[in-house]
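# Commentary on secondary and tertiary structure
Listed below are the residues making up each chain.
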Amino acid sequence: TYGYMPSARVSIFKRSGALSADLTSGPFNHIRWAPNGRLLAIHGSGSVRADMQVWEPFALKKLSSFQCDATAFSWLPSSLHLLSVIAFPKLKIDN
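This write-up is about the structure you can find in this document.

## Overview of the environment of Ser45
Turning to its location among the elements, Ser45 is positioned in the loop between strand S4 (40–44) and strand S5 (50–56). Spatially, the C-alpha atoms of Ser45 and Ala72 are 7.9 Å apart, while their sequence positions differ by 27 residues. Contacts of Ser45, omitting those with residues within four sequence positions, involve Asn29, His30, Ala70 and Thr71.

## Focus: the packing of aromatic side chains
The relative placement of two aromatic rings is captured by the distance of their centres and the angle of their planes. Going through the model one piece at a time under the given rule, you end up with one aromatic pair. Measuring from ring centre to ring centre gives 5.9 Å for Trp33 and Phe58, while their planes differ by 20 degrees; the resulting arrangement is stacked. With Trp33 in strand S3 (residues 30–33) and Phe58 in the loop between S5 and strand S6 (61–66), the pair connects residues that are 25 residues apart, well separated along the chain. Positioned over the ring face of Phe73 is Arg32, at 5.3 Å from the centre of the ring.

## A word on the pairing of strand S7 (residues 72–75)
Side-chain alternation along S7 places Phe73 and Trp75 on a buried face and Ala72 and Ser74 on a face that remains uncovered. Bridge analysis of S7 against strand S8 (residues 82–85) gives four bridges, and the strand direction is antiparallel. The residue of S8 that forms the bridge with Ala72 is Val85. Hairpin connection between S7 and S8: a loop of six residues separates the two successive antiparallel strands, and Ser79 in this loop has a positive phi of roughly 65 degrees.

## Considering the sheet that holds S4
The strand order across the open sheet built from four strands is S3-S4-S5-S6, with neighbouring strands paired in antiparallel fashion. Two strands in the sheet have a free side with no partner beyond their single neighbour: S3 and S6. Averaged over all pairs of adjacent strands, the angle between strand axes in this sheet comes to 20 degrees, irrespective of strand direction. In terms of strand pairing, S3 meets S4 through four bridges, oriented antiparallel. Residue pairing across strands places His30 opposite His43, the latter belonging to S4.

## Examining the pattern of salt bridges
Taken as a whole and judged by the stated rule, the model has one salt bridge. With a closest N to O distance of 2.6 Å, Asp22 and Arg9 form a salt bridge. With a gap of 13 residues between them, Asp22 in strand S2 (residues 19–26) and Arg9 in strand S1 (residues 8–13) connect regions that are remote in the sequence. For Asp22, a relative accessible area of 42% corresponds to the partly exposed category.

## Observations regarding the nonpolar core
Residues Ala34, Leu39, Ala41, Met52, Val54, Cys68, Ala70, Phe73 and Trp75 constitute the largest nonpolar core, which totals nine residues. Looking at this core, the elements that each hand over two or more residues are S5 and S7. Once residues lying within four places of it in the same chain are set aside, the contact partners of Phe73 are His30, Arg32, Ala41, His43, Met52, Leu82, Leu83 and Ser84. One finds Val10, Leu23, Leu40 and Ile42 within the second-largest nonpolar core, a separate group that totals eight residues.

Quick notes on the rules
- Residues numbered from 1 in each chain as written.
- Predicted model: local features only at pLDDT ≥ 70, side-chain atom pairs only at ≥ 80, totals over all residues.
- Heavy atoms only, no water.
- Helix = DSSP H or I, 4+ residues; strand = E, 2+ residues; numbered from the N terminus.
- Contact = heavy atoms within 4.5 Å.
- Phe/Tyr/Trp six-rings, centres within 6.5 Å; stacked < 30°, edge-to-face > 60°.
- Lys NZ or Arg CZ within 6 Å of the ring centre and 35° of its normal.
- Buried < 20%, exposed > 50% of the residue type's maximum accessible area, 1.4 Å probe, protein only.
- Pairing = 2+ DSSP bridges.
- Axes fitted to C-alpha atoms, helices over the stretch in contact; angles between N-to-C directions.
- Salt bridge = Lys/Arg side-chain N within 4 Å of Asp/Glu carboxyl O.
- Core = buried A, V, L, I, M, F, W, Y, C linked by side-chain atoms within 4.5 Å.

Put into structure tokens, the structure is as follows:
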């Protein structure tokens, strides 16, 4: 992700540094590649809130978008599932 907040751009670049594709833009501050290298999860948390999006970036296809109030997330080794967590201080404040 790069650009000015709150609307960062999510793009794919070639090894040469040339722009290959723009996927999306929005208030994102977390990005994770799946272990299989084929899927990309993008999320905004904290003061930068955005829905979680799952992309197949080389096909330029958004597979899913859903609300997720997680403070952190990670792919499981199978690349089939995402694990998300909410830190205790956030629960204490939001409740």
